[in-house]
Amino acid sequence: MTTLIKSPIVCPLLIGREQQIEALLSLGDQARIGHGKTILLVGEAGIGKSRLVAEACQHAAQHGMPVLRGRCFEPDAILPYAPLLDLLRVYLSTQAQSEIPIAIGPLLPYLHALLPELTARFAHLPPPAPFVAEERQRHLVHAFVQYFLQQVDQQDRQYPWPVLVVIEDLHWCDEASLDVLLALARRITRQPILLICTYRDDEVQPSLAQLLATLERERLSLELHLQQLSYDETDAMLRAIFNQQRPIRTDFLQEIYALTEGNPFFIEEVITSLVSTGAIYYTRGQWDRKPLEELRIPRTIQTALRERVVQLSPEAQQFLALATVAGRRFDFTVLQRLTSNSEATLLQWVKELIAAQLVVEESTDVFVFRHALTHAALYNDLLARERRALHHAVAEALEPMLQAQEHSGAETWLADLATHCFAAQDWPKAFTYARRAAEKAQPHVPRATIIHLSHAIQAAQHMQIRPSAELYRARGQIYETLGAFNNAQADYEAAIAEAKATNDQRIEWQVLLDLGFLWAERDYVRMGQYRQSALALARQLNDQRSLGQSLNRVGNWYLFVEQPHEALRYHQEALALFQSVGDQANVAATYDLLGVTQFIGGDIAAGLPLYEQALALFRALGDDRGLASSLMYFAARGANLLWTATSWPVIAASQCQRDGERALWMTQQLGWRSGEAGAQVILAYGYCPRGEYGVAFKYARTALTIAQSIDHTVWSISALCALGAIMYDLLAFDLARRYLEQAFDLAHGLGIFFLRNVAGLLVPTCIAQRDFARARAVLDLTLPPDMPMQTQGQRMCWAASAELALASNHPDDALDIVIRLRTTATPDGANDSGSIPRLWHLQGIALAALGHLDEAEEMLRAANNGAVQRALRPLCWRIQMSIGKLAQSRARRKQAEGAFATARMLIHELGSSIPDQDLREGFVPRALALLPRISKPTAHQKAKATFDGLTAREREIAALIAQGRINREISTMLVVGERTVETHISNILSKLDFSSRRQIAAWAVEKGLAKYIE
């Protein structure tokens, strides 16, 4: 059932004001000990001053703080003491009549004049003594201040709380009240009083300006300026309004943010308007929306603006209409050309608009409407015919200005001219200028390019001309960059249809490749179909470059269907083609693809020089997007969540992190949303294995937010895997399982490649929870018995199966798997020399379980060395725990204690870096609980340890040897057989690693044993 909600929408949470709340709480603590302060909350209308004040008042009330709150109202600006009387009325309404004389205290003599409605209740009181005006004003100021101080005296001195005084909207405050507030601000510096005042910084009257200057000069106040919400904070606010866990859809969020510019009140009003008109509706327990063609301007905002406009002079109103059509930002020169009025006249009209708070001065020649919503509301208030005529007039003024600049290539007015021609419905000019504007648009403003391309397409349709495939393809590429999958798909399909209609096989081939790229986000079957079709068409075209690009795309598809050798063959064929024709741009792209193929195919070392060549070429070519993409994956060459079953060289973490951060910055500059999500994922994958959980979690969460907002399945899966791996490391297995199961469900839609990547992390998590049935079920789906050990995902699944074998008490099976993984770790099967610490660790555990203790110790030491070299601290403490357990089983107490002590140190180090308190407090005790306790040694064990492991009888024999006794004498003295003595001596030599009786004698003397046997 669909529900239409008509009540106003209010965000249930206070978003983006954490710093201000923290500052208010800190100042409240200072006021409690007698250091009062005046706080000024400043910002434009609707920015959230009242909401923040309400939050402060609620906090104060919860802690028993008295709250005195008054407001200024615009009609009361000429009424003396208006906000203070508002405060008093609210306060006295909560007091019993018998208590009012005490509660009002110093103000009681003035009650007749201040609050005449209460006069009848205190008719028995004598009127105040007559004062001349100046004296009365001074006495009233003093009385108000004393009234506030009296509230402090009524507090419990044992558990004092400061008094909170709030006066809102000082921009409408009368001068008499401002005098009281200044006097109060001076008195509270040594009182437990917190005075909070709010005002709009764009409506400061002279009397308020004087007060603010005095407060600043005397250092009596602290100003907290509230800024507009950021893009991410707007997303958080919308999610809170709709009670939605997933990020808001990118297209909707961008429209809301562009219109409201992060003003909380505007956001709530726009959402209320959309809900009230049914554009957003609640159905089947969740929010949904219709496609938004145009956001409606809320009636409240439209009405408020109309009230301002009617106060303007008729001439200024006409000028405002022209300025509104000229754009959010309008150029003084253009309007002067349009109106033919003098500069002085135009400036007078602009000043009227500034005084009405409709526009502000941006520079000498440019003025801007205060808010996008203000501009949109004024624009919508114009009649459609009126708008079209004004746009035509602006276009006629701009066209000669553009032509005058064309010789210099500046074309400052091109984008504006294209927009005005389209709005004026001058379709031929709109088509021409929109295409030119799209070509000239900067890469970092892709939305402007989309607008111009859309205008060109629509203009062509109005002229009954079929838009070209190139136009549709160009817009589709921008949509893809922004993560708008459905829009990109629609444009690519329109381009295909247009290319076929005109028999343009080259553009058809290009769009087939584009569609192959697009579907790589979601469906590897469709991705392969489009790429194979593009390759077939390229062979018909008989063009080397087209063929090479198609070979590369098909090769990349082979990689993701886990045929890396076939992928390499296609890429190498493409490389030879591009090198033969000297196509350096495609040579760079091919090196990049060869690098990622080697990485995912398990040969990291072979991929490094390929990436280095790609990066050098991309830099030389100035290809920022290619460089960002290549740098992103090159940053994965160090520690990585997916490399744990593969050999990789030791590379400084700082180098990889620097490259990853650079790639992230570049994707953000390009407005490349999917690229930004990918860079965030790869950074998270690199930070997690090194135990830098706070940074890793931040990147993973941001990546997931971006990926979900653009419906990018690949990066959503990857981000969920990162979050799951982090939680696994923190021993928060329930959370880890939740993330990884969600990733596993998503991966079903993409195919086995991603299923195996997720399975390699999910299975160990299930094992940690002792859910062996689920672990086996996941492996049954992803690990057939004959599966090779090539790609990272395949190898991770095999390593996970080895862990399951160990957990199921089948160490022989685990050992067999690990040895095969190590043998296939490099193309030539060479020994991996400890470069895969996880595999060496698993092999050590398996060998220990099979009783091969010396080999197990050797493996664990090698694993530890490899992990230390790569700074894999989470793995290091686990390896140290295994070393300690092995030493404990061999009665090597000191060795075990040392290993466990190292593990404890690493656990505490990792714990201290976890920013989330709950996760930190959960991880450390759980990790420490995994370390076995070593019982206190008995007196016998202590003695044995003191004498290097020799038993009491062995110590007796060593002492007798030190006295020069031969074996026969020793056997007689100890009443044992001579052969028994020989056996004891052999054991002594072995334990002490000696080769002669003389060494035993010297040792016994050194240990002080000889003197005990005479």
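Residues numbered from 1 in each chain as written. Predicted model: local features only at pLDDT ≥ 70, side-chain atom pairs only at ≥ 80, totals over all residues. Heavy atoms only, no water.

Draft legend 1. View of the packing of helix α28 (residues 604-621) against helix α29 (residues 624-634). Packing of α28 against α29 brings their axes to within 9 Å, and their N-to-C directions diverge by 155°. Comparing the axis directions of α28 and α29 gives the class roughly antiparallel. The chirality of how α28 crosses α29 is left-handed. Contacts between α28 and α29 involve Leu608, Tyr611, Glu612, Ala614, Leu615, Phe618 and Arg619 from the first element and Gly626, Leu627, Ser630, Leu631, Tyr633 and Phe634 from the second. (Axes fitted to C-alpha atoms, helices over the stretch in contact; angles between N-to-C directions. Helix = DSSP H or I, 4+ residues; strand = E, 2+ residues; numbered from the N terminus. Parallel < 35°, antiparallel > 145°, perpendicular 65-115°, else oblique. Left-handed = near helix turned anticlockwise from the far one by under 90°. Contact = heavy atoms within 4.5 Å.)

Draft legend 2. Region of interest: helix α14 (residues 332-339). Of the positions making up α14, those classed as buried are Phe332, Val334 and Leu335. Viewed end-on, α14 has its buried residues packed into an arc of 160°, placing them on one side of the element. For α14, the capping residue at the N-terminal end is Asp331, with a side-chain oxygen 2.7 Å from the backbone nitrogen of Thr333. Phi turns positive, to about 60°, at Ser340, one or two residues after α14. (Buried < 20%, exposed > 50% of the residue type's maximum accessible area, 1.4 Å probe, protein only. Arc of directions from axis to C-beta. Polar contact = N/O pair within 3.5 Å; in protein donor to acceptor, adjacent residues only side chain to side chain.)

Draft legend 3. Looking closely at the nonpolar core. With 259 residues, the main nonpolar core has Leu238, Phe252, Ile271, Leu358, Trp877 and Phe923 as its most contacted residues. The element best represented in this core is helix α33 (residues 713-729), accounting for 11 residues. Among the nonpolar cores identified, the runner-up in size contains 49 residues, and Val42, Leu92, Val145 and Val163 belong to it. (Core = buried A, V, L, I, M, F, W, Y, C linked by side-chain atoms within 4.5 Å.)

Draft legend 4. Layout of empty space enclosed by the protein. If you walk through the whole model with that rule in mind, you get four cavities of 30 Å³ or more. The volume enclosed by the largest cavity comes to roughly 70 Å³. Listing elements by their share of the lining of the largest cavity, those giving two or more residues are α30 (653-670) and α31 (673-687). Per element, the largest residue contribution to the lining of the largest cavity is four residues, and it comes from α31. Its residues placed into classes, the lining of the largest cavity shows seven nonpolar, two polar and one charged. For the second largest cavity, the calculated volume is near 60 Å³. (1 Å grid on protein atoms, 1.4 Å probe; cavity = no way out; pocket = protein on both sides within 12 Å on 5 of 7 lines; lining within 4 Å. Points joined across faces, edges and corners; volume = space filled by probe spheres on them. Nonpolar A, V, L, I, M, F, W, Y, C, P; charged D, E, K, R; others polar.)

Draft legend 5. How the structure looks around the sheet that holds strand β5 (residues 193-199). Read across the open sheet, the five strands follow the order β3-β4-β5-β2-β6; overall the sheet is parallel. Unpaired on one side and paired on the other, β3 (67-71) and β6 (221-225) mark the two borders of the sheet. The average undirected angle you get between the axes of adjacent strands in this sheet is 15°. With five bridges connecting them, strand β2 (residues 37-42) and β6 associate as parallel partners. By the bridge assignment for β6, Thr38 is matched with Ser221. Running over the sheet, helix α1 (residues 18-32) touches β2, β5 and β6 and is turned about 150° from β5. (Pairing = 2+ DSSP bridges.)

Draft legend 6. Fine view of the sheet that holds strand β10 (residues 359-361). Taken together, three strands build an open sheet; the order of strands is β9-β11-β10 and the sheet is antiparallel. At either end of the open sheet lies a strand with only one pairing partner, and these are β9 (329-331) and β10. Strand-to-strand twist in this sheet, taken as the mean axis angle between neighbours without regard to direction, amounts to 30°. As paired elements, β9 and strand β11 (residues 366-369) share three bridges and run antiparallel to each other. Paired with Asp331 across the strands is Val366, a residue of β11. Here α14 sits on the sheet in contact with β9 and β11, set at roughly 60° to β9.

Draft legend 7. Inspection of unusual backbone geometry at higher detail. Residues other than glycine seldom take positive phi values, yet Tyr81 does so here, at roughly 65°. Considering the arrangement of structural elements, one finds Tyr81 in the loop between β3 and α3 (82-92). On the basis of relative accessibility, which here comes to 4%, the residue Tyr81 falls in the buried class. Backbone geometry places Asp711, a non-glycine residue, at a positive phi of 55°. Structurally, Asp711 is set in the loop between α32 (693-709) and α33. Using a relative accessible area of 23% as the deciding quantity, one classes Asp711 as partly exposed.

Draft legend 8. Up close: the pattern of salt bridges. Across all of its chains, the model carries 30 salt bridges by this definition. Of the charged contacts, one joins Arg673 and Glu676 as a salt bridge, the two residues approaching to 3.5 Å between their closest N and O atoms. In this pair, Arg673 and Glu676 both sit in helix α31, three residues apart, roughly one turn of the helix. Using a relative accessible area of 11% as the deciding quantity, one classes Glu676 as buried. Taken together, the shared-partner salt bridges connect Asp854, Glu857, Arg861, Arg890 and Arg892 into one network. (Salt bridge = Lys/Arg side-chain N within 4 Å of Asp/Glu carboxyl O.)

Draft legend 9. Local environment of the environment of Arg186. When you line up the elements, Arg186 lands in helix α7 (residues 175-187). Spatially, the C-alpha atoms of Arg186 and Arg219 are 9.7 Å apart, while their sequence positions differ by 33 residues. What Arg186 contacts, discounting residues up to four positions off in sequence, is Thr214, Glu218 and Leu220. A polar side-chain atom of Arg186 sits 2.7 Å from a polar atom in the side chain of Glu218.

Draft legend 10. Inspection of the packing of aromatic side chains at higher detail. Inspection of the entire model under this criterion finds 24 aromatic pairs. Pairing Phe422 with Trp427 gives two aromatic rings, centres 5.4 Å apart and planes at 70°, and the pair type is edge-to-face. When its relative accessible area of 15% is taken as the criterion, Phe422 is described as buried. The class of Trp427 is buried, set by a relative accessible area of 16%. Both rings, one in Trp557 and one in Tyr558, keep their centres 5.1 Å apart while their planes meet at 55°; by these two values the pair is tilted. Overall, Trp557 belongs to the buried group, its relative accessible area being 18%. Residue classification places Tyr558 among the buried positions, given a relative accessible area of 15%. Taken together, Phe319, Phe330, Phe332, Trp349, Phe367 and Phe369 form an aromatic cluster joined through their ring pairs. (Phe/Tyr/Trp six-rings, centres within 6.5 Å; stacked < 30°, edge-to-face > 60°.)

Draft legend 11. Just the side chain of Arg531, in detail. Positionally, Arg531 belongs in helix α24 (residues 524-541). Of the buried charged residues, Arg531 lacks a salt bridge, with Glu480 as the closest side chain of opposite charge at 7.9 Å. Setting aside its immediate chain neighbours within four residues, Arg531 contacts Gly516, Phe517, Ala520, Arg553, Val554, Asn556 and Trp557. (Lys, Arg positive; Asp, Glu negative; His and termini not counted.)

Bear in mind that shape data such as this cannot, by itself, settle questions of function.
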